[in-house]
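# Remarks on the overall topology
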Amino acid sequence: MKKTRSSLFLGGLALSTAAFLSLSAAILPRQEPADANTAKSEIMRPEDSKALKAIAASKAIYVGASKCKSCHNKDSMGKVYDKWTKMKHYSALENLKSEDAIRLGKENGIDKPWEADACLKCHITAYTEPAERRHKRFKMDKGVQCESCHGPGSLHVKARLKAAKEGIKGDKELIQIPEGEIVLPDEGLCRNCHNEESPSYKEFDFGERLEKIRHLHPLRKEPRVHPPKKDDDAQSSE
Ligand code: HEC
Ligand code: HEC
Ligand code: HEC
Ligand code: HEC
């Protein structure tokens, strides 16, 4: 953490010895955390994820991304489906056939990563869910779909189809979706897959990764999902 902060502060200066970095971190002014529980830049673990708890409690089932397309691929709704097809998540299953995947598989005693539970559990949506939680037409032939981040969508689809019949379509103005109908993810949810059990794990900076996948409604001015406040953020001029 210190490193990131220091290099941000130093910007283009070509001062990069570890000694200098830790020294500069030590002399930068520190904010006293207002609340010890939310102090500093602690990461949110899956055990503490509200999103994962909401998903566990939901009575909906997984229906698959094709069911989201009719509404969420309209221009007026931000073309989320098309955006998703350009994410690495979309091709996460296909990528298990890549040279890298085959090599990683070999290193872990696995012949065909694209058929192995040990890889599919994070590269496919709802893989570890009980079968009755997946719609009979839910196909396991796609990568990390919408419902990996938003939870099972059957009740949302039903509710929105009904609302649309009543003329409420959410494309000309923002509407409030009732809590529990569908989930917005948090850091702990991402870390359920982005963790050291992954053989190609790279450090997961929630704030940075979030920016790569965010897809706001065209009418929304401010994102609703944020990384936890860091004490060093308090200094920056956001
Ligand atoms: C019949 C149309 C329709 C379908 C089908 C549909 N949605 Fe939605 N959804 C909406 C509308 C309208 C909104 C409110 C506008 C918005 O936030 O984009 C919404 C909002 C959302 C939100 C934001 C929730 C919030 O708390 O603000 C998520 C996440 C979402 N949908 C995911 C999905 C997923 C995943 C699927 C497929 C499983 C899906 N939707 C299918 C119409 C639909
Ligand atoms: C179901 C497991 C799963 C969940 C949940 C998940 N991811 Fe991923 N993510 C993956 C996999 C697998 C890949 C790699 C796909 C590939 O390259 O084959 C990936 C790749 C990515 C990438 C692309 C790599 C890069 O940095 O360009 C980003 C960004 C990312 N995830 C962000 C997120 C964020 C943010 C969340 C939470 C909102 C999240 N992911 C939740 C499994 C998941
Ligand atoms: C705990 C969840 C998890 C498991 C289990 C898992 N992966 Fe992944 N995998 C990920 C995530 C998350 C990423 C995205 C990496 C990143 O950007 O941090 C990823 C990325 C990849 C990539 C892309 C590499 C890259 O550098 O972008 C390959 C290839 C891959 N995984 C293969 C495998 C294979 C093979 C297995 C089984 C032996 C496996 N994964 C098991 C979560 C997992
Ligand atoms: C890797 C995780 C991930 C995947 C996959 C994903 N989303 Fe999201 N989605 C998010 C996050 C994070 C947000 C919250 C954005 C914010 O407000 O900061 C979000 C927000 C949304 C919203 C609300 C937008 C708004 O501003 O009202 C909708 C609608 C939505 N997603 C639909 C979808 C659909 C449909 C798919 C699949 C085609 C999908 N998402 C795939 C992570 C994901």
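Residues numbered from 1 in each chain as written. Chains lettered and ligands numbered in written order. Predicted model: local features only at pLDDT ≥ 70, side-chain atom pairs only at ≥ 80, totals over all residues.

Along its length, the chain carries eleven helices and zero strands. Counting from the amino terminus, the chain carries its helices and strands in the arrangement α-α-α-α-α-α-α-α-α-α-α. Out of the 238 residues belonging to the chain, those deemed buried represent 22%. (Helix = DSSP H or I, 4+ residues; strand = E, 2+ residues; numbered from the N terminus. Buried ≥ 20, exposed ≤ 12 C-beta atoms within 10 Å, placed from the backbone.)

Further remarks concern the site of ligand 4. C146, C149, H217, P223 and V225 are the nearest of the 24 residues found near ligand 4. At the level of secondary structure, the elements contributing two or more residues to the shell around ligand 4 comprise α4 (66-72), α5 (80-85), α8 (146-150) and α11 (206-213). The biggest single contributor to the shell around ligand 4 is α8, with four residues. (Near = placed C-beta within 6 Å.)

Looking at ligand 2, there are 20 residues lining it, with A92, N95, C190, C193 and K212 nearest. Element by element, the count of residues in the shell around ligand 2 is highest for α11, at four residues. Partitioned by chemical class, the residues of the shell around ligand 2 number ten nonpolar, seven polar and three charged. (Nonpolar A, V, L, I, M, F, W, Y, C, P; charged D, E, K, R; others polar.)

Turning next to helix α9 (residues 154-165). Here α9 is twelve residues long and its end C-alpha atoms lie 17 Å apart, about the 16 Å a rise of 1.5 Å per residue gives. Those residues of α9 that sit buried are S154, H156 and R160. For α9, the angular spread of the buried residues around the axis is 160 degrees, confining them to a single face. Of the residues in α9, the exposed ones pointing more than 90 degrees away from the buried face are L161, K162 and K165. (Expected span 1.5 Å × (residues − 1). Arc of directions from axis to C-beta.)

With 13 residues, the main nonpolar core has A65 and C146 as its most contacted residues. Mapped onto this core, the elements with two or more residues apiece are α3 (50-57), α5, α8 and α10 (187-190). If we skip the residues at most four places from it in the chain, C146 touches A65, C68, W84 and G153. Counting seven residues, the second-largest nonpolar core is a separate cluster that includes A101, C119, I124 and V144. (Core = buried A, V, L, I, M, F, W, Y, C linked by C-beta atoms within 7 Å. Contact = placed C-beta atoms within 7 Å.)

Phi angles above zero are rare outside glycine, and K79 is one such case at about 50 degrees. With respect to the secondary-structure elements, K79 resides in the loop between α4 and α5.

This part covers the confidence of the model for the chain. Residues shown with low pLDDT carry predicted positions that ought not to be read at fine detail. Scored by pLDDT, the chain has a mean of 85; 79% of the residues are at 70 or more. The model gives residues 234-238 a pLDDT under 50, and that stretch makes one contact with residues more than four places away or in other chains. (pLDDT = per-residue confidence, 0-100.)

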